[in-house]
Amino acid sequence: HQIARTESILARVGRMARIGGWELDIETMSVTWSDEVHRIHDLEPGKQPSVEEAISFYAPEVRADIAEMVQQAIDHGVPWDLELPFVTALGRTLTVRAIGEPEWRDGKVVRLFGVLQDITERKQATSELQRTRQRLNLALAAAQVGLWDWDLGSDEVYLNDQWSTMLGFEAGELPMELGTWESLCNPDDLRRTREELERHIAGQTPRHICELRMRCKDGSWKWI
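Computed from a predicted model, the values in this text were never measured in an experiment.

A. Broad picture of a nonpolar patch on the surface. There is a patch of nonpolar side chains on the surface, built from L136, L147, Y158 and M176 and spanning about 360 Å² of accessible area. With respect to the helices, strands and loops of the structure, L136 is situated in helix α5 (residues 120-142). What makes L136 partly exposed here is its relative accessible area of 45%.

Right, dumping it as structure tokens:
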């Protein structure tokens, strides 16, 4: 009863995470897929493919690499963990994470086993986030706007590239520290600016807005 319940939990977790298990018996070269691996392939559970059939679901440009990867695992016990393009039986294009590990017995590899996970949505979300960041960076650069973030709890500071370059520094040249801002602020403006900032942190103003002079890399001053 406990074994059946454990298998049920694993099956449910696999469906939720879109991750399934597989194994390859080296002696017979027979492949066994879990139900979730079949679902990722858009196939009904039951049919167990050959090694060649399993590889055929990957995009053509990576099939030779996968075949070589499997052979290296069989001959030398080399594991793998890769993100690969994939096409299901219904023609859906996915990105999968493929992990394989060898099982040794008497000094030789007797079995390969691993997991297959559909990571398409995560990859798409990551790509969209990257595009959003690119659009934001382009907009900030076009408007000559520098972006900063100060974590009051940890005192960690983030300065985007535009913040540095508009003062004549190279991207990433300035240390990500609160002291960086203070050292570049004109001394005649620093006290007033800090007082305004402290009032904002105390909740006395809805937002912190100030105009001040900051020192550029060449020693000149720029109004910010």
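B. Region of the structure containing the pattern of salt bridges. Within this structure, the stated rule accounts for 18 salt bridges. Among the salt bridges present, the one from E103 reaches R105, with a minimum N-O distance of 3.3 Å. Given a relative accessible area of 48%, R105 falls into the partly exposed group. In this structure, E198 and R194 form a salt bridge, with 4.0 Å as the shortest nitrogen-oxygen distance. Pair noted here: E198 and R194 are both in helix α8 (residues 187-201), with a separation of four residues, about one helical turn. Residue class for E198 comes out partly exposed when judged on its relative accessible area of 47%.

C. Geometry of the packing of aromatic side chains. Across all of its chains, the model carries four aromatic pairs by this definition. Relative to W80, the ring of W22 has its centre 5.9 Å away and its plane inclined at 15°; by these criteria the two rings are stacked. With W22 in strand β1 (residues 19-25) and W80 in strand β3 (residues 80-87), this residue pair connects regions lying 58 residues apart in the sequence. Taking the relative accessible area as the measure of exposure, W22 reaches 16% and is therefore buried.

D. Geometry of α8. Between its first and last C-alpha atoms α8 spans 21 Å; for 15 residues at 1.5 Å apiece the expected length is 21 Å, and the two agree. The inward-facing, buried residues of α8 contact β6 (148-150), α7 (178-184) and β8 (213-215). The N-terminus of α8 is capped by N186, whose side-chain oxygen sits 2.8 Å from the backbone nitrogen of D188. Backbone geometry just downstream of α8 places G203 in the positive-phi region, at approximately 85°.

E. Up close: the sheet that holds β1. Spatially, five strands are ordered β2-β1-β5-β4-β3 in an open sheet, and the strand pairing comes out antiparallel. Of all the strands in the sheet, the pair left with one neighbour each is β2 (30-33) and β3. Between one strand axis and the next, the sheet turns by 25° as a mean value, whatever way the strands run. Relative to β2, β1 runs antiparallel, the two sharing four bridges. Across the sheet, the residue bridging to L24 is V31, located in β2. Contacts between helix α4 (residues 60-76) and the sheet are confined to β1, β3, β4 (93-105) and β5 (108-118), with β3 contributing the most and set at about 150° to the helix.

The rules behind each value
Residues numbered from 1 in each chain as written. Predicted model: local features only at pLDDT ≥ 70, side-chain atom pairs only at ≥ 80, totals over all residues. Heavy atoms only, no water. Patch = residues over 30% accessible without salt bridge, like charges linked within 9 Å, V, L, I, M, F, W, Y side chains within 5 Å. Areas by Shrake-Rupley, 256 points an atom, 1.4 Å probe, with all protein chains shown as cover. Salt bridge = Lys/Arg side-chain N within 4 Å of Asp/Glu carboxyl O. Helix = DSSP H or I, 4+ residues; strand = E, 2+ residues; numbered from the N terminus. Buried < 20%, exposed > 50% of the residue type's maximum accessible area, 1.4 Å probe, protein only. Phe/Tyr/Trp six-rings, centres within 6.5 Å; stacked < 30°, edge-to-face > 60°. Expected span 1.5 Å × (residues − 1). Contact = heavy atoms within 4.5 Å. Polar contact = N/O pair within 3.5 Å; in protein donor to acceptor, adjacent residues only side chain to side chain. Pairing = 2+ DSSP bridges. Axes fitted to C-alpha atoms, helices over the stretch in contact; angles between N-to-C directions.

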